[in-house]
Amino acid sequence: MARIIPLSEGSFTVDGTKQFIPFKPGTDSMQDRPHGSLLVEIQPFLVITDRDYILLDTGLGFRNPDGVLQIHQHLIDHGINPMEITKVLMSHLHKDHSGGVSAEDPITRERTLTFPNATYYVNNEEMLYAMEHAGKSYHAEDIVLLQQRDNVIFTTGNGTIDGYIHYELTGGHCPYHQVFLIDDGEDKVFFGGDVAPQISQMKSRFAAKYDYDGKRSMELRQEFMERGKEAGWTFLFYHDTKTPFTQF
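Residues numbered from 1 in each chain as written. Predicted model: local features only at pLDDT ≥ 70, side-chain atom pairs only at ≥ 80, totals over all residues. Heavy atoms only, no water.

- As recorded by an unreviewed UniProt entry, the chain carries the name MBL fold metallo-hydrolase and is attributed to Chitinophaga nivalis.
- If you open the UniProt record of the chain and go to Sequence similarities (unreviewed entry), you find "Belongs to the metallo-beta-lactamase superfamily." (UniProt positions renumbered as here; feature names shortened; annotations may be inferred.)

### Digging into the UniProt feature "domain: Metallo-beta-lactamase" (unreviewed entry) in the chain
- The positions that UniProt labels "domain: Metallo-beta-lactamase" (unreviewed entry) are, in the present scheme, residues 41-239.
- Secondary structure content for residues 41-239 is 24% helix and 24% strand, while the C-alpha to C-alpha distance between its ends is 4 Å. (Helix = DSSP H or I, 4+ residues; strand = E, 2+ residues; numbered from the N terminus.)

### Quick word on the pattern of salt bridges
- In this structure the tally under the stated criterion is eight salt bridges.
- One salt bridge in this structure joins Glu223 and Arg227, with 3.0 Å as the shortest N-O distance. Here Glu223 pairs with Arg227, and both are found in helix α6 (residues 214-231), just four residues apart, close to one helical turn.
- Among the residues examined, Arg227 registers a relative accessible area of 30% and is labelled partly exposed.
- Connected through shared salt-bridge partners, Asp52, Lys87 and Asp162 make up one network. (Salt bridge = Lys/Arg side-chain N within 4 Å of Asp/Glu carboxyl O. Buried < 20%, exposed > 50% of the residue type's maximum accessible area, 1.4 Å probe, protein only.)

### Some words on the sheet that holds strand β7 (residues 87-89)
- A sheet is described by the order of its strands in space; here six strands give the open sequence β1-β5-β6-β7-β10-β11, paired in mixed fashion. If you trace the sheet from one side to the other, it starts and ends with β1 (3-6) and β11 (152-155), each paired once. Neighbour-to-neighbour, the strand axes of the sheet open up by a mean angle of 20°, direction not taken into account.
- Sheet topology note: the strand β10 (residues 119-123)/β11 ladder contains four bridges and is parallel. (Pairing = 2+ DSSP bridges. Axes fitted to C-alpha atoms, helices over the stretch in contact; angles between N-to-C directions.)

### Brief notes about the packing of aromatic side chains
- Applying the stated criterion to the full structure yields 13 aromatic pairs.
- With a centroid separation of 4.7 Å and 20° between ring planes, the pair formed by Phe190 and Trp233 is classed as stacked. With Phe190 in strand β15 (residues 188-191) and Trp233 in the loop between α6 and β16 (234-236), this residue pair connects regions lying 43 residues apart in the sequence.
- On the accessibility criterion, Trp233 (4% relative accessible area) is buried.
- When the centroid spacing of 5.0 Å and the interplanar angle of 70° are considered together, the rings of Phe235 and Phe248 count as edge-to-face. Of the two residues, Phe235 sits in strand β16 while Phe248 sits in the segment after β17 (245-246), which places them 13 residues apart along the sequence.
- When its relative accessible area of 0% is taken as the criterion, Phe235 is described as buried.
- Aromatic rings pair up to connect Phe190, Phe224, Trp233, Phe235, Phe237 and Phe248 into one cluster. (Phe/Tyr/Trp six-rings, centres within 6.5 Å; stacked < 30°, edge-to-face > 60°.)

Right, here's the structure in full:
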C-alpha cells in the first residue's frame, strides 16, 4: 500500500507580480488582495511505497522562524528523516514548485541540494527553458545546482522509472511540464502538477490565462480525469486549499 502524506506550506495569494503572499483563511479576505489574485495552497507530497520515499515537487523553500526549512520540518513532524527521501520528482521548475530544490546555508552561504541522498528527476528541456527564462516564475539560484550534481536524472518525453513510476511530457501549463503515475501494483497515485492542480479545475472546462497553453491544459484535465476514473487513480492536488487528494 502506498502511503500519501500532504506537506502543506499553507495558503497563499498570487497575482501578476508572481509574489506568493501568505493567506490565513478565516482572518484574511480576498477583497483586500489585488484584483485578479488567485488563492492557492502550496502542497508538495510524500508518497511512501515498499521501495521508495518519493517527494513530488518541493514547495517554496521557505524557512521557519527558527531557520529550519519548512519542507524538512513537515517531514520530521511525520516521523520522516529528510535524508531518507530516495526520489524527488519534479513536475516543472516554477519557483512555487522548485523553491525547495536547494537551500543556502544561513551561516556559510553555501548552497546544497535539499535532499542530498535522493535522485532528482527533472525534464531536460524544462531545465534549459527555466534557465533561459529566469525571472518572475523561474528562480535560477534555486535550480542551477541541478545541472552540477550527479544525483540528477534529466528525462525527455515519456518513460518509466524503476519499472513502476511512469512520467509523461504534457506541456500545457508550461512548455515542458510533466506528470507522474506511481503504480506499485496495489495503488495508482497520479500527480498532475499544474495541469491538474485543484479538484474544482478537474470538474469545469475553462482555459486559464496563467497557462502557457490554456486549451491544452483544459484538454489534459479532461483526459486525465477520464483515465483516472477508469483505472482508479488517486489524484494529488498541489494547489487545492481543501482537498489534498481524492479518487473520482
